Amino acid sequence: MTIRHALGPVDAFTPGTATKVEVGNYEVSIIRVGDDLYAIADRCSHAEASLSEGELIDNEIECPRHGALFDVTTGEALTLPATKPVDTYDVVIVDGEASLVITETEPV
Ligand code: FES
């Protein structure tokens, strides 16, 4: 199943910031890097922390709790104590309007 959620104009997201949005059961951090928007799961893969409250440096966001860095373009954990990636989601931009696209996979 695919979930589409309108985010509004890209320019509503300030470059260098992360914004938390809730869509159904998903908590997602929408991150603007330059002219691009990226979407990653908001919850840190290490423990309970909201990545959107962390500091963003270029395309890396720092978990506010223990300081792990994540690449917002891939979800990859770059530093300890996080060892697992966070989920990433698609952001589609049409005529300056952004939509979050979450593709749910069937449980195995
Ligand atoms: S909760 Fe994010 S690094 Fe520990």
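The coordinates are above.
Residues numbered from 1 in each chain as written. Predicted model: local features only at pLDDT ≥ 70, side-chain atom pairs only at ≥ 80, totals over all residues.

**Student:** Would you take a moment to explain unusual backbone geometry for this structure?
**Tutor:** Outside of glycine, negative phi angles account for most residues, and trans bonds account for most peptide bonds. With an omega dihedral of 10 degrees, the bond running from L80 to P81 counts as a cis peptide bond. Tracing the chain through its elements places P81 in the loop between β7 (69–71) and β8 (88–94). Positive phi, normally seen in glycine, also occurs at D58, with a value near 55 degrees. By the secondary structure assignment, D58 is in the loop between β5 (55–57) and β6 (60–62). Among the residues examined, D58 registers 10 C-beta atoms within 10 Å and is labelled exposed. (Helix = DSSP H or I, 4+ residues; strand = E, 2+ residues; numbered from the N terminus. Buried ≥ 20, exposed ≤ 12 C-beta atoms within 10 Å, placed from the backbone.)

**Student:** What is the right way to read the sheet that holds strand β2 (residues 18–23) from this model?
**Tutor:** Backbone hydrogen bonds hold the strands of a sheet together, and the pairing may be parallel or antiparallel. Overall, antiparallel pairing links the six strands, which are arranged β1-β9-β8-β4-β3-β2 in an open sheet. Bordering the open sheet on either side are β1 (2–9) and β2, each of which pairs with just one other strand. When the angles between neighbouring strand axes are averaged without regard to direction, this sheet yields 30 degrees. Bridge count for strand β3 (residues 26–33) against strand β4 (residues 36–41) is six bridges, and the pairing is antiparallel. Along β4, the bridge assignment pairs V28 with A41. (Pairing = 2+ DSSP bridges. Axes fitted to C-alpha atoms, helices over the stretch in contact; angles between N-to-C directions.)

**Student:** Please explain the sheet that holds β6 as it appears in this structure.
**Tutor:** Strand order in the open sheet made by the three strands is β5-β6-β7, with antiparallel pairing throughout. For this open sheet the edge positions go to β5 and β7, each flanked by a neighbour on one side alone. The sheet shows a mean angle of 25 degrees between the axes of neighbouring strands, direction not considered. The sheet contact formed by β5 and β6 spans three bridges and is antiparallel. Following the sheet pairing, I57 is matched in β6 by E60.

**Student:** Help me understand the pairing of β8, please; the structure alone is not making it clear to me.
**Tutor:** The side chains of a regular strand alternate between both faces of the sheet. Of the pairings in the sheet, the one linking β4 to β8 comprises two bridges and is antiparallel in character. Pairing of I40 across the sheet is with T88, part of β8. Hairpin connection of β8 to strand β9 (residues 97–103): two residues between the antiparallel strands, including D95 at a positive phi of 50 degrees.

**Student:** What should I look at first to understand the environment of E48 in this one?
**Tutor:** With respect to the helices and strands, the residue E48 is situated in the loop between β4 and β5. Along the backbone, E48 and R65 are 17 residues apart, and their C-alpha atoms lie at a distance of 8.3 Å.

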